[in-house]
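The residues making up each chain are set out below.
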Amino acid sequence: MRKQVFATIGCAIFLLIVVGFLMMAYSSYTKHKGILNKVIIPNVQNKDINKFTEMDCRGFRDFVQNLEYSTSYKNYILQQYKAVFKHAKKFFHSQNNVFEIIENFNMTYEEKLKKRKKMNVWSDEEFAKFIQSVDKDNYKLLFIVIYYTGMRLGEALGLTWSDFKDNKLNINKSVSKVSKNGEHIIKEPKNVSSIREIGLGNTLSNLLLEYKNKEMSLFGFSEDWFIFGRVKPLGR
């Protein structure tokens, strides 16, 4: 068994911030860092992480429960709190698993009702009316691909022509929102299950091939060009 290293929770939080800076997309990192700095650090005693008890963890959960945030945001706070202990276990060999008793909050009835109302699925007729109003070919094709494949916007924007083969689209990366300096961030999917191939029907494949033929006539065309945006993905 590896020897435990003395570390306060403050040390573990600092490490978590550094790892987040190195591994996360900018938008995710700013949210992650904000929770640690504004919610966790001011409201958690900075003591040896191995001395935290179940009572400490329950006390923090009770504190979060009384915050005026949505249930999903409260659960995100708990997720970051537990991540501190997980990183302490990984890097400082802490054997303290008290964080495992923390359970997520359940959505309120009002939140569930609001979520259902937000889910607005278009019919084929509604989509047909919408797509007729889109003038630019690249955006029109983008919306068509998203609608008929169900992929996320970031996944569609991350597609390059090398991902389109044999009437299939290979989903292996995603474009997140622009970073602080205005650059797009290309990242791998968060889950292995998100890396997948999507089979296309003949109609959608022919639309992509027709569009690709037009793109191939442009100077500098490359299979590494983004399908929707060429050298850079379309702006989000």
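The coordinates are above.
In this text the structure is predicted, and so the values were computed from the model without any measurement. (Residues numbered from 1 in each chain as written. Predicted model: local features only at pLDDT ≥ 70, side-chain atom pairs only at ≥ 80, totals over all residues. Heavy atoms only, no water.)

Lay out the overall build of the chain with the relevant residues and their values.
What the chain contains, in helices and strands, is nine helices and five strands. Each helix (α) and strand (β) of the chain, taken in turn from the N terminus, gives the series α-α-α-α-α-α-α-α-β-β-β-β-β-α. For the chain, the C-alpha radius of gyration of 23 Å lies well beyond 18 Å, the compact-globule estimate for 236 residues. When the backbone C-alpha atoms are referred to their principal axes, the chain occupies close to 65 × 40 × 35 Å. Across the 236 residues in the chain, those meeting the buried criterion constitute 39%. Taking the contacts inside the chain whose residues are at least 6 apart along the sequence as the reference set, 64% of them involve residues at least 24 apart. (Helix = DSSP H or I, 4+ residues; strand = E, 2+ residues; numbered from the N terminus. Rg over C-alpha atoms; globule rule 2.2 N^0.38 Å. Buried < 20%, exposed > 50% of the residue type's maximum accessible area, 1.4 Å probe, protein only. Contact = heavy atoms within 4.5 Å.)

Pulling in residues and values, what's your account of the sheet that holds strand β2 (residues 168–171)?
Spatially, three strands are ordered β1-β2-β5 in an open sheet, and the strand pairing comes out antiparallel. Edge strands, defined here as strands with exactly one partner in the open sheet, are β1 (164–165) and β5 (196–199). The pairing of β1 with β2 spans two bridges and is antiparallel. For F164, the partnering residue across the bridge sits in β2 and is L169. (Pairing = 2+ DSSP bridges.)

Which residues make up the nonpolar core, and what are the values?
Nonpolar side chains tend to gather and get buried jointly when the protein is soluble and globular. Ranked by size, the top nonpolar core spans 32 residues in total, and within it Y81 and F85 carry the most contacts. A per-element tally of this core places helix α4 (residues 71–91) first, with eight residues. Those residues in contact with F85 that sit more than four places away from it in its chain are I9, I49, F52, C57, N96, V98 and F99. Within the second largest apolar cluster, 25 residues are counted, among which are L169, I171, V175 and L208. (Core = buried A, V, L, I, M, F, W, Y, C linked by side-chain atoms within 4.5 Å.)

Describe helix α7 (residues 137–149), with residues and values.
Between its terminal C-alpha atoms α7 stretches 18 Å, which fits the 18 Å expected from 13 residues at 1.5 Å a residue. Three or more residues of α7 are buried, namely N138, L141, L142, I144, V145 and T149. Looking down the long axis of α7, one finds its buried residues gathered within 165 degrees of arc, a one-sided arrangement. Positive phi shows up at G150, right after α7, with a value of about 80 degrees. (Expected span 1.5 Å × (residues − 1). Arc of directions from axis to C-beta.)

Before we move on, could you go through the pattern of salt bridges and cite the residues and values that matter?
Evaluation of the coordinates by the stated rule reveals ten salt bridges. With its nearest N and O atoms 3.5 Å apart, the salt bridge here joins R58 to E54. Of this pair, R58 and E54 both sit in helix α3 (residues 54–65), four residues apart, which is roughly one turn of that helix. Of the charged contacts, one joins K212 and E223 as a salt bridge, the two residues approaching to 3.0 Å between their closest N and O atoms. Within this pair, whereas K212 is found in helix α9 (residues 202–216), its partner E223 is found in the segment after α9, the two being separated by eleven residues in sequence. Using a relative accessible area of 13% as the deciding quantity, one classes K212 as buried. When salt bridges with common partners are traced through the structure, they connect R152, E155 and R196 into a single cluster. (Salt bridge = Lys/Arg side-chain N within 4 Å of Asp/Glu carboxyl O.)

Provide a residue-level description of unusual backbone geometry, including the pertinent values.
In the Ramachandran plot, H93 falls in the positive-phi region, its phi being about 60 degrees despite a non-glycine side chain. Its location among the elements puts H93 in the loop between α4 and α5 (109–118). The phi angle at N167 is positive, at roughly 60 degrees, despite the residue not being glycine. Its location among the elements puts N167 in the loop between β1 and β2. What makes N167 partly exposed here is its relative accessible area of 32%.

Which residues make up the pairing of β2, and what values go with them?
Here β2 shows a clear split, with L169 and I171 buried on one side and none of K168 and N170 buried on the other. Once β1 ends, the chain turns through two residues before running back antiparallel as β2, passing D166 with a positive phi of about 50 degrees. Here β2 pairs with β5 via four bridges, running antiparallel. The residue bridging N170 from the neighbouring strand is E197, located in β5.

Talk me through the state of the cysteines; I want residue IDs and the actual numbers.
Overall, the coordinates contain zero disulfides when judged by the stated rule. Not engaged in a disulfide, the cysteine C11 finds its nearest cysteine sulfur in C57; these two sulfurs lie 18 Å apart. Judged by relative accessible area, which is 0%, C57 ranks as buried. (Disulfide = S-S within 2.5 Å.)

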